[in-house]
Amino acid sequence: MATEWVANVRPGLERFLGEMIDEDFGYVRYSWSGDLYNRSDNWGLGNAVFAAKIATISGIASQYSDTQKQALADVIKHFRAEDGYISDPLVTRNNWKRNLKRLVRPGEAARQDQAAEQTRRAETRQSMAALCLLQGSLDQPFVHIPDSTSAIDDFIDSFDWQFPWNAASHVSHLLFFLKQNATMAGYGVDKADELIQHAVSRVHALQSPQDGTWYRGTNVPMKQKINGAMKVLTGLHAAGITEIPNVRAMMDTALAGTNDQEACGNFNIAYVLYSGFLVDPDYRRDEVRKFLLDRVGIYERFWFPEIGGFSFHDGRAGDYYYGQRLSHSKPEPDIHGTIMFTWGLS
């Protein structure tokens, strides 16, 4: 069967993480052997976050001691700034190419500053999620989010919903922060539910009844629709919400998609169908089952059985992360591809 190889994934992941995480649990590599940077370069936040998630999803974390889990959490908290953001300076820094663009292109400086802010917010969300897994709570909330219904309106409207993959990701972050601040850090408890419901209502106003995905405009590519839907759904789930309007239309759209060129696309389309199945498990059930079993067959192309990890690209490691090149993209697995495919399989 096309799924038999999956039985070897968990022991493979154990080998992979055993090599990718330093013995003291104080550093995690990005790719198997092709990183452009090393431990002395003060980087690797995303690597530690992904390692924590892989270990938790696969059950390997149950073998880690409290000391090892705390060491991995300390790697993440090392990147926390005084203002509460948790981000990797290597990922957000301005290199010479970016600085040159700032000088010669009108408006480029503001665009780059906005992009850096969005990256810092996204990394903070991922980091806080990993800390919840490692520690069971948060030692401090993230307060740089809208704190009123009008501020949420402005926040949602500030994004270009013709590109829902990006716009919806920040709504997902917002819902996560509102929920986790209240439940894990005891912050904003009195108004969290009201703000979450308002944000959800606003974003559902952007959903197309025809295809069940969230966007504005016309001629939005299928990949944008599906990947944007995944972002909305992760936000809903982070807030404890599983109900989805127009769920059958959304599932029809996912079943018509492909998204099989790299790790994120492969995961996103599976997550959309999984989310729909939670709400309407009998709708096109056989087709959903076949689609996802075929997807597992696609995943095998990215698996390196002799090493025990997945590559982000088909046959080679990921090279760029939030616009920063991190590896030589050798024919080998990497931590980013491995978390996406592990999560998808789960």
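Going by the structure above, here's the rest.
All chains use their own residue numbering, which begins from 1 and follows the written sequence. Only residues with pLDDT of 70 or above have their local features reported here, since the model is predicted, and side-chain atom pairs are shown and tallied only from 80 upward, although totals for entire chains, interfaces and linings are computed over all residues. Each side-chain value is worked out from all heavy atoms of the structure, with water and hydrogens disregarded.

Peer 1: For this particular structure, what's the right way to read the overall build of the protein chain?
Peer 2: A helix here means a DSSP run of H or I that spans at least four residues, while a strand means a run of E at least two residues long, and both kinds are numbered starting from the N terminus. A tally of regular secondary structure across the protein chain gives 14 helices and 4 strands. Computation of the radius of gyration draws on C-alpha atoms, with the globule rule given as 2.2 Å multiplied by the number of residues to the power 0.38. Taking 346 residues into account, the globule formula puts the C-alpha radius of gyration at 20 Å, and the protein chain, at 20 Å, falls close to it. Along the first, second and third principal axes, the C-alpha atoms of the protein chain reach 50 × 50 × 45 Å. Whether two residues touch is decided by their heavy atoms; if any such pair falls within 4.5 Å, the residues are in contact. Contacts in the protein chain between residues far apart in sequence, at least 24 positions, make up 72% of those at least 6 positions apart. Only the protein chains shown count as cover for residues, and the accessible areas themselves come from Shrake-Rupley with a 1.4 Å probe. Accessible surface, the protein chain as shown: approximately 15,400 Å² in total, 50% of it carbon and sulfur. Considering the protein chain, the positive charge centre built from 35 side chains and the negative charge centre built from 42 side chains are found 4 Å apart. Here the positive residues are Lys and Arg and the negative ones are Asp and Glu; neither His nor the chain ends is included. Think of each charge as sitting on NZ of Lys, CZ of Arg, CG of Asp or CD of Glu.

Peer 1: I would appreciate a short explanation of the side chain of N227 in the present structure.
Peer 2: With respect to the helices and strands, the residue N227 is situated in helix α10 (residues 222-238). Here a polar contact is taken to be a pair of N or O atoms separated by no more than 3.5 Å, where protein atoms must pair a possible hydrogen donor with a possible acceptor and residues adjacent in sequence count only if both atoms sit in side chains. Only 3.0 Å separates the side chain of N227 from the side chain of N268, close enough to count as a polar contact. Apart from residues lying up to four places away in sequence, N227 is in contact with W165, N259, G265 and N268.

Peer 1: How do you make sense of the packing of aromatic side chains when you look at a structure like this?
Peer 2: Working definition: an aromatic ring pair is given by the centre-to-centre distance plus the angle between the planes. Paired rings are identified among Phe, Tyr and Trp, the last through its six-membered ring, by centres lying within 6.5 Å, and are further divided according to the angle between planes into stacked (under 30 degrees), edge-to-face (over 60) and tilted (the rest). Scanning the model with the defined rule gives 20 aromatic pairs in all. Seen from their ring centres, F25 and Y64 are 4.9 Å apart, and the 80 degrees between their planes marks the pair as edge-to-face. Taken together, the positions of F25 in the loop between α1 (9-20) and α2 (45-58) and Y64 in the loop between α2 and α3 (66-77) put the pair 39 residues apart, joining distant regions of the chain. Here's how the labels work: a residue is buried when its accessible area is under 20% of the maximum for its type, exposed when over 50%, partly exposed in between, all with a 1.4 Å probe on protein chains only. In this structure F25 comes out as buried when scored by relative accessible area, which is 8%. An angle of 85 degrees between the planes, with centres 5.1 Å apart, marks the rings of F155 and F159 as edge-to-face. A cation over a ring is seen here: R29 above W32, with NZ or CZ 5.7 Å from the ring centre. Geometrically, a charge over a ring is one whose NZ (Lys) or CZ (Arg) sits within 6 Å of the ring centre while staying within 35 degrees of the ring normal.

Any functional reading would require information beyond the geometric quantities listed.
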